[in-house]
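Chain by chain, the residues:
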Amino acid sequence: MAARKTTKNPNVSAEEMLGYYRDMLLIRRFEEKAGQLYGMGLIGGFCHLYIGQEAVVVGLEAAAEEGDKRITSYRDHGHMLACGMDAGGVMAELTGREGGYSKGKGGSMHMFSKEKHFYGGHGIVAAQVPLGAGLAFADRYKDNGRVTFTYFGDGAANQGQVYESFNMAALWKLPVIFVIENNQYAMGTAQKRSTSTEEIHKRGEAFGIPGELVDGMNVLAVKEAGEKAVAHCRAGNGPYILEVKTYRYRGHSMSDPAKYRTREEVQKMREERDPIEQVRAMLLTGKHATEDQLKEIDKEIKEIVNASAEFAKESPEPDVSELWTDIYAEAPAA
Amino acid sequence: MARMTMIEAIRDAHAVAMERDSDVVVLGEDVGYFGGVFRCTAGLQKRFGVERCFDTPISELGIVGTAIGMAAYGLKPIAEIQFADYMYPGYDQIVSEAARLRYRSAGEFTCPMVIRMPTGGGIFGAQTHSQSPEALFTHVAGLKTVVPSNPREAKGLLLAAIADPDPVIFLEPKRLYNGPFDGHFDRPSVPWSKHEAGDVEPGYYEVPLGKAAVVREGSAATLITYGTMVHVALAAVAESGTDVEVIDLRTLLPLDLETITASVRKTGRCIVLHEATLTSGYGAEVTALVQRECFYSLEAPVLRVAGWDTPYPHAQEWDYFPGPERVRRAIDKVMEAE
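Residues numbered from 1 in each chain as written. Chains lettered and ligands numbered in written order. Predicted model: local features only at pLDDT ≥ 70, side-chain atom pairs only at ≥ 80, totals over all residues. Heavy atoms only, no water.

Draft legend 1. Geometry of a nonpolar patch on the surface. All names here are of chain A. Side chains of M168, L171 and W172 sit close together on the surface and give an oily, nonpolar patch of about 290 Å² of accessible area. Mapping M168 onto the fold places it in helix α6 (residues 160-171). Owing to a relative accessible area of 33%, M168 belongs among the partly exposed residues under this scheme. (Patch = residues over 30% accessible without salt bridge, like charges linked within 9 Å, V, L, I, M, F, W, Y side chains within 5 Å. Areas by Shrake-Rupley, 256 points an atom, 1.4 Å probe, with all protein chains shown as cover. Salt bridge = Lys/Arg side-chain N within 4 Å of Asp/Glu carboxyl O. Helix = DSSP H or I, 4+ residues; strand = E, 2+ residues; numbered from the N terminus. Buried < 20%, exposed > 50% of the residue type's maximum accessible area, 1.4 Å probe, protein only.)

Structural data, given as C-alpha cells:
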C-alpha cells in the first residue's frame, strides 16, 4: 500500500479528505439536480434541500462505524447519500416512482434503509427524536456497542418531546448522539426570534448531558467532535449533544422564497464558509490533490447524479393497488 | 367590495378583528415577521405591533396551551397551526384543556379562542401535509369546528369564530387558498378573481356558525359536503346531468340539521362527501343523523364518498382524492336504487 500523504490534521489522510470532498459534492450536485427536477415538475409537493449543510453528515459519518444508526427529519437526502444509500433510489422516491426507497409512498421526507441502518426521514418536526432514543435503548439492551445519531434542527429543539427524550436518554444512559443541525432558521423564523438562548448545546446541562458547539461548515471539525461524542457513548457514559452550526443556502422548502433573510447574508456564507470549497482549498494548497484529480471526481459525481435522475424519470409510477399495501401486516376485512 | 383570494380574505378578517378588539392577538410559527407560510397573517405584525402578532417556536403544544391560558384570562387568541398535520403535539391541550375548561369550572372560566389550521390535500403534500382531521375535533364535546369553502364566507366565518365564546377549530382547505378547485387536477387552475365568491365585503360581518348553505338547488338527490369538496361536488353534479341539490355545511359542529333534513325529505336520496378517510369519518355522523331524521323519506341507502382508508399517499394523490369521477359514480348509484 502506498504511503499515506497526510494533511495538516494528523488524524486524516489525503484519501479520507478526498473522500469527504467527494461525498459532500455528491450531496450538493444531487440536491441541485433535485431542485432542477422540481422546477421541471417531475418532483412535486415538499422538498427540502440540504445544500450548505453537507459537512455535517459527512463529518459525522466519518466518525461512525458499521452498525451505527442514524435517524433524521425531513431534510434527509444528504443523510441518505452520506450513509451510502443509492442515489437513484433516493431520486426515484422524490419523483414518486416504484424504484424509490419507499416505492413512491414516502416521498422526499420519508425514506428508510435497514441495510444502511437509516431509520428515516420524518416529516413532523422533532418526531424522530424520541425514536432515536428508542433505537439507542435497543442497542444498550443488546449491549452491542452501537450508537445512534439522532439529527434534528434548531427549530425542532424547541419541541417538548426533545426534552422528554433528553431526560430518558440521560436516565437510562442511552448511547445516543443528539445532533442539532443549527442552520439558524426554524422554517422562516430566525433563531433569535424563536429560541430563548443562543447556546442550544447547553440545554442538556439540566439533564447532565454534555454538549458542545461545533463548526458545521468545517468537515474536519465535525468529524473530530463526532469521534469524541461516539467514544463517550460507546464507553457507556450515556448521551451526548452536538450543536453543529451550519447554514442552508436554499429556502426551507422549494416553495419558500426565503424573504426573511437578505441575499447578502446567504452570499457571504457561500463565499466565505462553504464547506466544499474549504476542503477543496485544503486539498489543493496542501498539494494532496491536483486540479485534474478533482475534476475527475466532479465528472464521476456528475455521472452518478445524472444516472439517478434518469432512473427517477424512467422508473414506472407505482400501481394503484399499492395504495392498499403496507398499511397492516394483514389487511382487516372490510 | 373587493375581489380577494381566500388568503387575503382570512388576512382581512384578522385585521378587522384586531382593529375592533384590542384583546385579539395572533400567534403561531412564522406568522409574525414572515407573515405565515401561506401569507394569511402578512402585514399584521407591522400594522398591529409585535405584541399582538408574534412568532412562536415550533412548539404546537406550547402554542395551543399558552393560547388557552390567554383565553382563560380574557384575551382572544387566534393561534395558527402551520398545517393541520402538525396539530397532534397540541391535541392533548385542545381536548383535555380547551374543550373542557368551561365544563370543569362550571362556567367560571371559558376559552374563547380560535385555532386555525390549513387542512386537506391536493397539493402533493403527502402524509404529513394533506390530512383532514376534522372528525378528531367534532368527536370532542366542547369544541366547534368550521370549514369554509370560499373567500367571502371564510372571512365572515372567521369573524364569527373569533366572536364566539367557545374554542373554535377553523380548518382552511389549503387547496382553496388561491382558487376554487373542482378536482380536475389536469385542467388549468382557476383563481378566485374569476369567481364571484371572491367578492369580499369590507369591514365587519359574520357568517353565523351552525348555518349551512344550499349552494345548488335540486330535486333528485342531496349531496352534503364541505370545504374543497363543495367545488368538486358542483363539478360532478354539472357533469352528471342529474338535478342534485348541493349543501355546503360550512360548520360541522354545530351542525345545521334543519337544512339537511329539509333537503333530504324533499329529494329522498343522499350522498355525503368528504376528503378525509371513510371509516369513522364525519360522514358517518351525518349519515346516522339523516337515517334517523329522514328514514321514511329515503328511497335509497345513504352513500358516502370519501378518501380511502389509507395514509394520504405521495405518489398516488389523485387515486386517493375523491374527485368528480367518484362523485359522479355515486350520483348514478344513488339514483339507480329503487
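Draft legend 2. Broad picture of the sheet that holds strand β3 (residues 176-182) of chain A. Residues and elements named next belong to chain A. Strand order in the open sheet formed by five strands is β1-β2-β3-β7-β6, with parallel pairing between adjacent strands. Two strands lie at the open edges of the sheet, namely β1 (69-71) and β6 (211-215), each paired on one side alone. Across this sheet, the average inter-strand angle for adjacent strands is 20°, counted without regard to direction. Alignment of strand β2 (residues 148-153) against β3, held across six bridges, turns out to be parallel. Counted as the bridge partner of T148 is V176 from β3. (Pairing = 2+ DSSP bridges. Axes fitted to C-alpha atoms, helices over the stretch in contact; angles between N-to-C directions.)

Draft legend 3. Spatial organisation of the pattern of salt bridges. Within this structure, the stated rule accounts for 40 salt bridges over all chains. Salt-bridge contacts for D166 of chain B lead to R102 of chain B; the nearest nitrogen and oxygen are separated by 2.8 Å. One end of the pair, D166 of chain B, is in the loop between α7 (151-163) and β7 (168-173); the other, R102 of chain B, is in helix α5 (residues 101-104), and 64 residues separate them in sequence. Under the relative-accessibility criterion, R102 of chain B is labelled partly exposed at 32%. For R152 of chain B, the salt bridge goes to E196 of chain B, with nearest N and O atoms at 3.0 Å. Note that R152 of chain B is positioned in helix α7 and E196 of chain B in the loop between β7 and β8 (199-200), a separation of 44 residues in sequence. Assessed through its relative accessible area of 26%, R152 of chain B is described here as partly exposed. Classification of E196 of chain B as partly exposed rests on a relative accessible area of 47%. Via salt bridges that share partners, E65, D68, R146 and R234 of chain A belong to a single interconnected network.

Draft legend 4. Main features of the interface of chain A and chain B. Facing 34 residues of chain A, the contacting portion of chain B comprises 30 residues. With both sides pooled, the region where chain A packs onto chain B buries about 2700 Å², and carbon together with sulfur makes up 65% of that total. In terms of surface lost to chain B, no three residues of chain A exceed F46, M187 and L323 of chain A, which account for 23% of the buried area on that side. Linking chain A with chain B are zero salt bridges, by the criterion used here. Summed over the shared surface of chain A and chain B, the number is eight residue pairs in polar contact (both at pLDDT 80 or more). Taken together, the elements giving at least two residues each to the side of chain A that touches chain B come down to α4 (87-94) and α7 (191-194) of chain A. When the residues that make up the side of chain A that touches chain B are grouped by side-chain class, the tally is 13 nonpolar, 14 polar and seven charged. (Contact = heavy atoms within 4.5 Å. Buried area = accessible area lost by both parts, 1.4 Å probe. Polar contact = N/O pair within 3.5 Å; in protein donor to acceptor, adjacent residues only side chain to side chain. Nonpolar A, V, L, I, M, F, W, Y, C, P; charged D, E, K, R; others polar.)

Draft legend 5. A look at the environment of A235 of chain B. Structurally, A235 of chain B is set in helix α8 (residues 228-240). Considered as a pair, A235 of chain B and F181 of chain B are 54 residues apart in the sequence and their alpha carbons are 9.5 Å apart.

Draft legend 6. Up close: the sheet that holds strand β12 (residues 251-253) of chain B. Residue and element names in this part refer to chain B. Read from one edge to the other, the open sheet built from seven strands follows the order β3-β2-β4-β5-β7-β6-β12, with strand pairing classed as mixed. Two strands in the sheet have a free side with no partner beyond their single neighbour: β3 (53-55) and β12. Going from strand to strand, the sheet's axes swing by 20° on average, the running direction of each strand aside. Sheet topology note: the strand β2 (residues 24-28)/strand β4 (residues 76-80) ladder contains five bridges and is parallel. Note that in β4 the partner of L27 across the bridge is A79.

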